[in-house]
Amino acid sequence: MDVFQDTEMESDNDDGEWGMIDRMRLWRHDALMQHLYETAAFWGDKILSWTNDANDAFWLAQTYFMTHQYARAERLLTRPFPAMTPNVQSAPLNGLEHRLVDDLKMGSLTADTKGKGKEGHPDTSIMPQLPMGDVGMMQIPEELQDSVSRLVDMSVACRYLAAQCQVRQGNWTDATEMLGEANPFRHSARSGPAVPNVDGGIKVEASMCHLRGILMLKLNRGDQAKLCFMEALTLDVKCYDAFDQLVSGEMMTPDEEWEFIQGLAYREQTQDDADFVQLIYTSQLRKYKHAEEHALTRRRLVEEFGLSDNPDVLFSFADALYAQFRWADCYTITTRILGLVSIHDPTMPLHIACMYHLNHLHSKLFILAHELVEREPENPISWYAVGVWYLASGKWPQARQYFSKTSLMDPRFGPAWIAFAHTFAMEGEHDHAVTAYSTCARMFTGSHLPLLFVGMEQIMLSNHLLADEALNAAYATCDGDPLLINELGVMAFTHGDYQRAADLFKRSLELAQVTQSSQMSWTTTYLNLGTCYRKLKNYEMAKTNYQHVLEIEPQHPQGLGYLAMVYHLLGEIDKAIIKYHEALSIDPINGHLIELLNLALESDLCCGSLEKVYPGGEEAFRAMMVSLKTKVLDASKKPKVDKPGADVAMSVG
């Protein structure tokens, strides 16, 4: 099928003879399929010289585009060609026919997937040589103005390709002009999410909306970019590029993301495949909420569609484990994915992050970073891996250098921006960290993490008002992250509202239980909850939480110290002394614990009975003292012997 349907469709049978042009179209097509682009361009150029046909010009422009000759392709698409005859020109818009004379702007939205066919014998005998300069249309004689037109004015497919060429050349303004600031087909009866594409392909209208969104990002108009991507996916649910921009670019909040993806017109656009498309999209969403729905989605993809070993489905499993802080389990699955495909872009950040969190994998991280740089030096993820290795080694300036390089290569790569800010936070440069996190928050408006980290840094700087503002903004974006709820509890504790702090810490732990997180990650929250109960003088509940900390991590110094304080407050001095000693065996230079231990010992000696200090009580202690005094007196009556150390006196208090 031709892009420009100016002639009746010819039969695909072998009736009639094939001429030279027919054979060369076949050569052009096969050269494209076999990636012989220079061959395709060579023969395509000869075909166009003979036919001056718009379809042949379109396929030659496609060949130039594939060989990165963008200026050459754009010039071909914007120079004049013989206009199509109105009485036979029809242009299908997303599968529905309409006459070009009805709406010249719409043009043709179909493209020949083969690019070859029988010779159309175009009649160019009356067409003189057309000017080819920059103002070629203006130099055309007036009598020919109505009989010629640019390809971009005759076909939406050509206009879309020309805009792609301008984007590749960095001509953002020209490309925006070519596509328009908004979708010109938006209010047309032949457009909309309920209008399916009858040929089963992807609507060019949706592709144009996606490209318009890319342009908005290049022009730093993030809100408009988000709307363009949403419109592209609404028009055609098969446009995965738009979905990827929305989800991986975190342009929507988790709740917006879920509602939007679940509300797409899957049945209307792809009735037979609606369930699968919805499931595969749902599996790629963030995992802060809807844990049961996500688990059911993954199970259906594995059991009903047989995708147990598909990298994207495995990535969904890995992403869920990473959200639950189960680094080792996540690393196992990401390793499997990278065993199936050498590089899987969504998986690589998770894989590298797991290697950072698991100390015994730092050496493997070093090797992986070297391999990526050697294999994929143009891929931002390679330099991100190098930066993470320096981060794991505590070399903040070097890590910052490589994260900066990554963000320059791909300004929409979120992990690099977050990691860049982490280097300042870990180095103690909290003001710089706040600035970096704030920049990240402006770029990724759908993510709550930058705002959360801003709040944590403001807590470190004791800017409690700003910390509250940042944490509340993060909570408005995502209210299902247990780490965020923990930080809100910290702020409530700082303000002296211990009951609210305790409620927030309990809620954080409940959310962590729902996501089946690693218990080791939540020892601090249990510690915080116990401290709230201690402040509220609910010592039994405080003791329960501190004991839970020690069940998870028996050598936790703060847990031992706080449990000793609770025993001390409950009057169980012996247990308090034992726990103080255990805490000091792990943290021997903790001045607070030493002071508390001394208080416990003094309290035990002054206020307690000798039953606690000496077996047998006071009577046995006095008998022991008399016996010791007698031995000292007997020893003093014996003649002295000059021996080293024999003159050491012993006094008994």
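What counts as what
- Residues numbered from 1 in each chain as written.
- Predicted model: local features only at pLDDT ≥ 70, side-chain atom pairs only at ≥ 80, totals over all residues.
- Heavy atoms only, no water.
- Helix = DSSP H or I, 4+ residues; strand = E, 2+ residues; numbered from the N terminus.
- Buried < 20%, exposed > 50% of the residue type's maximum accessible area, 1.4 Å probe, protein only.
- Areas by Shrake-Rupley, 256 points an atom, 1.4 Å probe, with all protein chains shown as cover.
- Core = buried A, V, L, I, M, F, W, Y, C linked by side-chain atoms within 4.5 Å.
- Contact = heavy atoms within 4.5 Å.
- Expected span 1.5 Å × (residues − 1).
- Polar contact = N/O pair within 3.5 Å; in protein donor to acceptor, adjacent residues only side chain to side chain.
- pLDDT = per-residue confidence, 0-100.
- Salt bridge = Lys/Arg side-chain N within 4 Å of Asp/Glu carboxyl O.
- Axes fitted to C-alpha atoms, helices over the stretch in contact; angles between N-to-C directions.
- Nonpolar A, V, L, I, M, F, W, Y, C, P; charged D, E, K, R; others polar.
- Phe/Tyr/Trp six-rings, centres within 6.5 Å; stacked < 30°, edge-to-face > 60°.
- UniProt positions renumbered as here; feature names shortened; annotations may be inferred.
- Parallel < 35°, antiparallel > 145°, perpendicular 65-115°, else oblique.
- Left-handed = near helix turned anticlockwise from the far one by under 90°.

S.K.: Which residues make up the overall build of the chain, and what values do they have?
M.R.: A tally of regular secondary structure across the chain gives 33 helices and two strands. Evaluated residue by residue, the chain yields a buried proportion of 47% over its 653 residues. For the chain, the computed accessible surface area is about 33,300 Å², with 54% contributed by carbon and sulfur atoms.

S.K.: An account of the nonpolar core is needed here, citing residue identities and associated values.
M.R.: Counting residues in hydrophobic clusters, the biggest one holds 42 residues, and the most contacted among them are L471, Y526, L529, Y546 and Y580. Those residues in contact with L529 that lie beyond four places of it in its chain are A502, F505, K506, L509 and N545.

S.K.: Break down the environment of L296 for me, with residues and values.
M.R.: Looking at the element boundaries, L296 is found in helix α15 (residues 291-303). Using a relative accessible area of 46% as the deciding quantity, one classes L296 as partly exposed. Each C-alpha atom, one on L296 and one on S283, is 9.6 Å from the other, the two residues being 13 residues apart in sequence.

S.K.: Describe helix α7 (residues 156-168), listing the residues and the values that go with them.
M.R.: The first and last C-alpha atoms of α7 sit 18 Å apart over 13 residues, in line with the 18 Å expected at 1.5 Å per residue. In terms of burial, α7 is largely enclosed, as 11 of its 13 residues are buried. Among the residues of α7, V156, A157, C158, R159, L161, A162, A163, Q164, C165, Q166 and V167 are the ones counted as buried. You can read the cap of α7 off the contacts: a side-chain oxygen lies 3.1 Å from the backbone nitrogen of A157, and it is on S155. Within two residues after α7, G170 carries a phi angle of roughly 80 degrees, on the positive side.

S.K.: Give a description of unusual backbone geometry that names residues and reports values.
M.R.: Located in the positive-phi region is H35, a residue other than glycine, with phi close to 60 degrees. Looking at the secondary structure, you find H35 in the loop between α1 (20-33) and α2 (37-51). Of note in this structure, E250 is not a glycine but carries a positive phi near 45 degrees. Take E250: it is sitting in the loop between α11 (240-248) and α12 (254-262).

S.K.: Let's hear about the confidence of the model for the chain: which residues, and what values?
M.R.: Scored by pLDDT, the chain has a mean of 83; 80% of the residues are at 70 or more. Confidence scores differ between elements of the chain, with helix α5 (residues 136-139) showing the lowest mean pLDDT of 46 and helix α20 (residues 380-392) the highest of 96. The low-confidence segment residues 85-114 (pLDDT under 50) makes 79 contacts with residues lying over four places distant or belonging to another chain. Note on residues 640-653: pLDDT is under 50 here. Beyond four places in sequence and across chains, it has five contacts.

S.K.: How would you sum up the pattern of salt bridges? Please name residues and give values.
M.R.: Any two side chains of opposite charge can pair, on the condition that their charged atoms come close. One pass over the full model with this rule turns up 22 salt bridges. Among the salt bridges present, the one from E304 reaches R300, with a minimum N-O distance of 3.0 Å. With a shortest N-O distance of 3.5 Å, E582 and K579 are connected by a salt bridge. Of this pair, E582 and K579 both sit in helix α31 (residues 573-586), three residues apart, roughly one helical turn. In this structure E582 comes out as partly exposed when scored by relative accessible area, which is 32%. It is possible to trace a salt-bridge network through shared partners that takes in R25, R28 and D56.

S.K.: Mind laying out the packing of helix α18 (residues 347-357) against helix α19 (residues 362-375), listing which residues take part and the relevant values?
M.R.: Relative orientation of the contacting elements α18 and α19 amounts to 145 degrees, with a least axis distance of 8 Å. Counted together, M348, H351, I352, M355 and Y356 of α18 and H362, K364, L365, L368 and L372 of α19 form the full contact between these two elements. For the contact of α18 with α19, the class distribution of residues is seven nonpolar, two polar and one charged.

S.K.: Would you mind going over the packing of aromatic side chains in detail, with residue names and values included?
M.R.: Tallied over the entire structure, the rule returns 21 aromatic pairs. Measuring from centroid to centroid gives 5.0 Å for W27 and W43, while their planes differ by 70 degrees, and the two rings are edge-to-face. Pair noted here: W27 is in helix α1 and W43 is in helix α2, with a separation of 16 residues, a long-range link. We classify W27 as partly exposed; its relative accessible area is 39%. Feature note: the residues F366, W383, W389, Y390 and Y402 constitute an aromatic cluster, connected by ring pairs.

S.K.: Now, about the UniProt feature "repeat: TPR" (unreviewed entry) in the chain: what can you tell me, with residues and values included?
M.R.: The UniProt feature table records "repeat: TPR" (unreviewed entry) at residues 380-413, 482-515, 523-556 and 557-590. Measuring from the first to the last C-alpha atom of residues 380-413 gives 8 Å, for a span that is 79% helix and 0% strand. Annotated as residues 523-556, this span is 79% helix and 0% strand, and its ends, taken at the C-alpha atoms, are 9 Å apart.

S.K.: Can you tell me about helix α24 (residues 449-460), naming the residues and giving the values?
M.R.: Its 12 residues place the ends of α24 17 Å apart at the C-alpha level, agreeing with the 16 Å of an ideal helix rising 1.5 Å per residue. Buried within α24 are the following residues: P450, L452, F453, V454, G455, E457, Q458 and I459. Of the surrounding secondary structure, the elements contacted by the buried residues of α24 are α22 (414-427), α23 (430-443), α25 (464-477) and α26 (482-494). Of the residues trailing α24, S462 is marked for its positive phi of about 60 degrees.

S.K.: Please provide a residue-by-residue account of the packing of helix α8 (residues 172-179) against helix α9 (residues 204-218), values included.
M.R.: Between α8 and α9, the least distance of the axes is 10 Å, while the angle of their chain directions is 150 degrees. Between α8 and α9, the crossing angle belongs to the class labelled roughly antiparallel. The crossing of α8 and α9 is left-handed. On the side of α8, the interface is formed by W172, A175, T176 and L179, while α9 contributes M208, L211, R212, L215, M216 and K218. Class assignment for the residues of the contact of α8 with α9 results in seven nonpolar, one polar and two charged.

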